[in-house]
Amino acid sequence: MPLTQADISAEISQAREAYLKAVAAGDPVRDHPARDYAPYRSSVLRHPKQPLVSVGDPEAVELSGPVFGVTDVTALDHDLTRQHVGEPHGERITVTGRVLDRAGRPVRGQLVEIWQANASGRYAHQRDDHAAPLDPNFTGVGRCLTNDDGEYQFVTIKPGAYPWRNHVNAWRPAHIHFSLFGTAFTQRLVTQMYFPGDPLLPYDPIVQSVTDDAARQRLVATYDHGLSRPEWSLGYRWDIVLDGPAATWIEEGR
Ligand SMILES: [Fe+2]
């Protein structure tokens, strides 16, 4: 029997109810999804099953980790609409927000990277065989550093929804993938931003793997009319709060 959306939606409801029950019984609120969230089928097979390897000396890890600096990121890297000769198809948008630590302090000089599908819901990647057109003027990757207020900004186009093979008629809501390195490679956060009012949000097991309602809502950007530019683009705002050891950043003068 092919796995249907009704099957997956029933599992999503069960997982959410089990979570709510556990929190009511005293379990902590979970901001992050379980690594083996059953409605997202492949997560059950591929999630890490061994305990994390202790690195001993965290600073030693940095010696072999990636290195980047202000000079590696150019002023054009944040504009995904200007990476080719022509302009990409789609709805031009600005996405901006602040990267903050848990205490609400700005995280400055943070490398923020994004990747996304084009307006038709197709990635410029050889493993994406969705029958939607590629856009020769859109690669779908960008990066920037946060400024002194912890702000990042991207100019891009609104990505399209795309199908995936979790179950029959499975569609990912429009989303932009985000990566934040923190101040050390071992603090990296990878997440996804969604768009308000997307009708696919309740059906998607990746969105719903965040079973806490408030935490899941924080993955959805806000439409901000003040950010929209007349006759040019629509604006979305999305703040990111890092869970990392804020005290370390303060000690380092950030
Ligand atoms: Fe994606």
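Conventions we followed
Residues numbered from 1 in each chain as written. Predicted model: local features only at pLDDT ≥ 70, side-chain atom pairs only at ≥ 80, totals over all residues. Helix = DSSP H or I, 4+ residues; strand = E, 2+ residues; numbered from the N terminus. Rg over C-alpha atoms; globule rule 2.2 N^0.38 Å. Buried ≥ 20, exposed ≤ 12 C-beta atoms within 10 Å, placed from the backbone. Contact = placed C-beta atoms within 7 Å. Pairing = 2+ DSSP bridges. Axes fitted to C-alpha atoms, helices over the stretch in contact; angles between N-to-C directions. pLDDT = per-residue confidence, 0-100.

## A closer look at the overall build of the chain
1) Next: Along the chain, the regular secondary structure elements total six helices and 11 strands.
2) Next: A compact globule built from 254 residues would reach a C-alpha radius of gyration of about 18 Å, and the chain, at 19 Å, matches this within 12%.
3) Next: Taken over the C-alpha atoms alone, the chain extends approximately 55 × 50 × 35 Å along its principal axes.
4) Next: The 254 residues of the chain split such that 26% are buried.
5) Next: A sequence separation of at least 24 residues applies to 69% of the contacts in the chain between residues at least 6 apart.

## Some details on the sheet that holds strand E2 (residues 111–115)
1) Next: Pairing is antiparallel across the open sheet formed by four strands, whose spatial order is E3-E2-E7-E8. On the outer flanks of this sheet lie strand E3 (141–145) and strand E8 (189–194), each paired with one strand and no other. When the angles between neighbouring strand axes are averaged without regard to direction, this sheet yields 25°.
2) Next: Relative to E8, strand E7 (residues 175–180) is paired through six bridges, and the arrangement is antiparallel. The partner of Ser-179 across the bridge, within E8, is Val-190.

## Section: unusual backbone geometry
1) Next: Backbone geometry places Asn-169, a non-glycine residue, at a positive phi of 65°.
2) Next: Along the chain, Asn-169 turns up in the loop between strand E5 (162–164) and strand E6 (170–172).
3) Next: What makes Asn-169 exposed here is the crowd of 11 C-beta atoms within 10 Å.
4) Next: Non-glycine residue Glu-231 carries a positive phi angle of around 60°.
5) Next: Relative to the assigned elements, Glu-231 resides in the loop between strand E9 (222–223) and strand E10 (234–237).

## With respect to the confidence of the model for the chain
1) Next: Averaged over all residues, the pLDDT of the chain is 90; the fraction at 70 or higher stands at 91%.
2) Next: Low pLDDT, under 50, characterises residues 245–254; the stretch is placed with 12 contacts to residues that sit more than four places away or in other chains.

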